[in-house]
Amino acid sequence: MTDPRTAVAAVVDPEIRVITIDELGILRAVDEDPTTGRVLVTITPTYTGCPAMDVIRADIRRALAVAGHPDAEVRTVFSPAWSTDWISEGGRAKLAAAGIAPPAPAGTAGPSPAPGSGRPPGVVPLTLAVRCPRCGSPETEQVSRFGSTACKALWRCRSCSEPFDHLKAL
Ligand SMILES: [Zn+2]
C-alpha cells in the first residue's frame, strides 16, 4: 500500500500535464482516518469556473484506489483562495520548460500604467509583466482571454511571433 499523501501528490494537473497538483499548490491536505482507513483529500481550485476540477477529483480517487485506498473523499475548499504564489519553485521551472509562462508572484511590481490609461497608480494587472517563455521578450500581447482551457489565456510574442499559454494570475 502506498502512502495516500504520496499517491495524491503525484496526480498530474489534467490541463498543464507537466506539473503535479502538489507543485501547482492546489493540494491542501491528505488525511487518513486511522480507524476506517478512509482518506479525505482537500483541494483548492485554481479558478472557480475551472472544468478541470472534476477531472482532478476523479484522478485523485483513481490514484488512491490504485495505491490501496479505495475509500476516499475529495473535498473542495475555496478559502483561503488559491493564488499563483502557491506554485512551488520546482513547479515554476517545469512550467517555463513546457513553454507556459509562469505567473509573476502576486505583489510583484509591474511596469507603470501607460499615460492616459486612466488606471490609478499601483493598480497594475499582473498580465502586463508576461514574458515570452521561448525568447524571454517582454514584448507580448494577449490574444484571447481563453487559451486552450478556461484557466489559461493565449498570448503571442511580438519578437518571435510564437503563441503561448499563460496561467491566469489570481
Ligand atoms: Zn518570443
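What counts and what doesn't
- Residues numbered from 1 in each chain as written.
- Predicted model: local features only at pLDDT ≥ 70, side-chain atom pairs only at ≥ 80, totals over all residues.
- Core = buried A, V, L, I, M, F, W, Y, C linked by C-beta atoms within 7 Å.
- Buried ≥ 20, exposed ≤ 12 C-beta atoms within 10 Å, placed from the backbone.
- Helix = DSSP H or I, 4+ residues; strand = E, 2+ residues; numbered from the N terminus.
- Domains from an automatic or database assignment.
- Contact = placed C-beta atoms within 7 Å.

Engineer: Pulling in residues and values, what's your account of the nonpolar core?
Structural biologist: By size, the foremost hydrophobic cluster in this structure holds 31 residues, and its most contacted members are Val8, Ile21, Val41, Ile60 and Leu64. Listing elements by their share of this core, those giving two or more residues are helix H1 (4-9), helix H2 (21-24), strand S1 (27-32), strand S2 (39-43), helix H3 (52-66), strand S5 (152-157) and strand S6 (163-167). At five residues, the largest contribution of residues to this core is made by H3. Looking at which domains feed residues into this core, each of domain 1 (4-76) and domain 2 (99-112 + 122-167) supplies at least three. Contacts of isoleucine 21, omitting those with residues within four sequence positions, involve Val11, Asp13, Ile26, Leu27, Ile43 and Ile56.

Engineer: An account of the environment of threonine 6 is needed here, citing residue identities and associated values.
Structural biologist: Looking at the element boundaries, threonine 6 is found in helix H1. Residue threonine 6 is classed as exposed on the basis of its 12 C-beta neighbours within 10 Å. With 24 residues separating them in the primary sequence, threonine 6 and valine 30 have C-alpha atoms 9.3 Å apart.

Engineer: I'd like to hear about unusual backbone geometry, residue by residue, with values.
Structural biologist: Here the residue pair serine 79 and proline 80 is connected by a cis peptide bond, since its omega of 0° sits within 30 degrees of zero. Inspection of the secondary structure assignment puts proline 80 in the loop between strand S3 (72-76) and helix H4 (89-97). In this model, serine 161 sits at a positive phi of 65°, which is unusual for a non-glycine residue. Tracing the sequence through the fold places serine 161 in the loop between S5 and S6.

Geometry only, nothing functional implied.
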